[in-house]
Amino acid sequence: AQTVTQSQPEMSVQEAETVTLSCTYDTSENNYYLFWYKQPPSRQMILVIRQEAYKQQNATENRFSVNFQKAAKSFSLKISDSQLGDTAMYFCAYLMDSSYKLIFGSGTRLLVRP
Amino acid sequence: GAVVSQHPSRVICKSGTSVKIECRSLDFQATTMFWYRQFPKQSLMLMATSNEGSKATYEQGVEKDKFLINHASLTLSTLTVTSAHPEDSSFYICSARQGKGVGTQYFGPGTRLTVL
């Protein structure tokens, strides 16, 4: 079965600094997708970034970028120029191409300090 | 981006009663919707996949008779918690898949259920 592991329960970063959140996953599939979702205190899940496994190029979305290492099954999220509004829970998620089901990691709570 | 709504946002009920939660895709059609449960300070756990016009597919360990799912149209899925008990108290979140293939999943704002 596929699993997603986030080994950092909590992280803290100074405003304007850069922080990296870790995620590893386990799968025997070749076609899959990886995501980072943000869940602020409002509890609304927000898609941050998406990566297709067949793409070698790392996805980027403004201040957010990923380091996708397929062989190592690693998918970390880098947040540059951290802002106070980035304070939230961040979930790494894996999606099976065959079923469209999302499997979430346990989450990392990120606190951006002013 | 696409919008998914949930109603109600909060509900408090007595033990033994049934509660219905609605999930609507407001500006797109969703052949597939998903229902998740989230306990405090924990991750989202997939409960079931709701397919328009067919029976829902439940994850292992989820009681289908307790959590009734109906996906009557391309924009509406409902989750009914039957004979609710305090241990059913949780945060329930739905998502709707937009587009063909993998598409993109958009999440509703969630429903907090408290069973007294």
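To start, this report covers the structure provided alongside it. Since we're looking at a predicted model, the values are computed, not measured.

### Regarding the overall build of chain B
Here comes step 1: A count of helical and extended segments in chain B gives 0 helices and 11 strands.
Here comes step 2: Beginning at the N terminus, the succession of helices and strands in chain B can be written as β-β-β-β-β-β-β-β-β-β-β.
Here comes step 3: For chain B, whose C-alpha radius of gyration is 13 Å, the value lies close to the compact-globule estimate of 13 Å for 116 residues.
Here comes step 4: Taken along the three principal axes of its C-alpha coordinates, chain B extends 40 × 25 × 25 Å.
Here comes step 5: For chain B, the proportion of its 116 residues judged to be buried stands at 53%.
Here comes step 6: Put simply, 55% of the contacts in chain B that link residues at least 6 apart link residues at least 24 apart.
Here comes step 7: Carbon and sulfur atoms make up 51% of the accessible area of chain B, which totals about 5,600 Å².
Here comes step 8: With 12 positive and 8 negative side-chain charges, chain B shows a spacing of 4 Å between the two charge centroids.

### Let's talk about the sheet that holds strand β8 (residues 76-81) of chain B
Residue and element names in this part refer to chain B.
Here comes step 1: Spatially, 4 strands are ordered β1-β3-β8-β7 in an open sheet, and the strand pairing comes out antiparallel. Among the strands making up the open sheet, the edge pair consists of β1 (4-7) and β7 (67-73). Here the strands of the sheet are splayed against their neighbours by 15° on average, with no regard to which way each runs.
Here comes step 2: The pairing of strand β3 (residues 19-25) with β8 spans 6 bridges and is classified as antiparallel. Residue pairing across strands places Lys20 opposite Thr80, the latter belonging to β8.

### Quick word on the state of the cysteines
Residues and elements named next belong to chain B.
Here comes step 1: Scanning the model with the defined rule gives 2 disulfides over all chains in all.
Here comes step 2: Here Cys23 connects covalently by a disulfide to Cys94, the sulfurs 2.0 Å from one another. With the S-S bond torsion at 80°, the cross-link from Cys23 to Cys94 turns out right-handed. Placement of the pair is Cys23 in strand β3 and Cys94 in strand β9 (residues 90-98), with a sequence separation of 71 residues.
Here comes step 3: Given a relative accessible area of 0%, Cys94 falls into the buried group.

### Digging into the pattern of salt bridges
Here comes step 1: On inspection of all chains with the given rule, the structure shows 7 salt bridges over all chains.
Here comes step 2: In this structure, Glu52 of chain A and Lys55 of chain A form a salt bridge, with 3.9 Å as the shortest nitrogen-oxygen distance.
Here comes step 3: Here Lys55 of chain A falls in the partly exposed class, since its relative accessible area comes to 40%.
Here comes step 4: Residues Glu22 of chain B and Arg24 of chain B are paired through a salt bridge, measuring 3.4 Å at the closest nitrogen-oxygen approach.
Here comes step 5: Three or more residues are tied together by salt bridges with common partners; here these are Arg50, Glu52 and Lys55 of chain A.

### Notes on the environment of Ala48 of chain B
Residue and element names in this part refer to chain B.
Here comes step 1: For Ala48, the location among the structural elements is in strand β5 (residues 44-51).
Here comes step 2: Linking Ala48 and Glu63, residues 15 residues apart in sequence, is a C-alpha distance of 10.0 Å.
Here comes step 3: Ignoring sequence-local partners within four residues, the contact set of Ala48 consists of Met33, Phe34, Trp35, Thr57, Tyr58, Glu59 and Ile69.

What counts, and where the lines are drawn
Residues numbered from 1 in each chain as written. Chains lettered and ligands numbered in written order. Predicted model: local features only at pLDDT ≥ 70, side-chain atom pairs only at ≥ 80, totals over all residues. Heavy atoms only, no water. Helix = DSSP H or I, 4+ residues; strand = E, 2+ residues; numbered from the N terminus. Rg over C-alpha atoms; globule rule 2.2 N^0.38 Å. Buried < 20%, exposed > 50% of the residue type's maximum accessible area, 1.4 Å probe, protein only. Contact = heavy atoms within 4.5 Å. Areas by Shrake-Rupley, 256 points an atom, 1.4 Å probe, with all protein chains shown as cover. Lys, Arg positive; Asp, Glu negative; His and termini not counted. Charge placed at Lys NZ, Arg CZ, Asp CG, Glu CD. Pairing = 2+ DSSP bridges. Axes fitted to C-alpha atoms, helices over the stretch in contact; angles between N-to-C directions. Disulfide = S-S within 2.5 Å. Salt bridge = Lys/Arg side-chain N within 4 Å of Asp/Glu carboxyl O.

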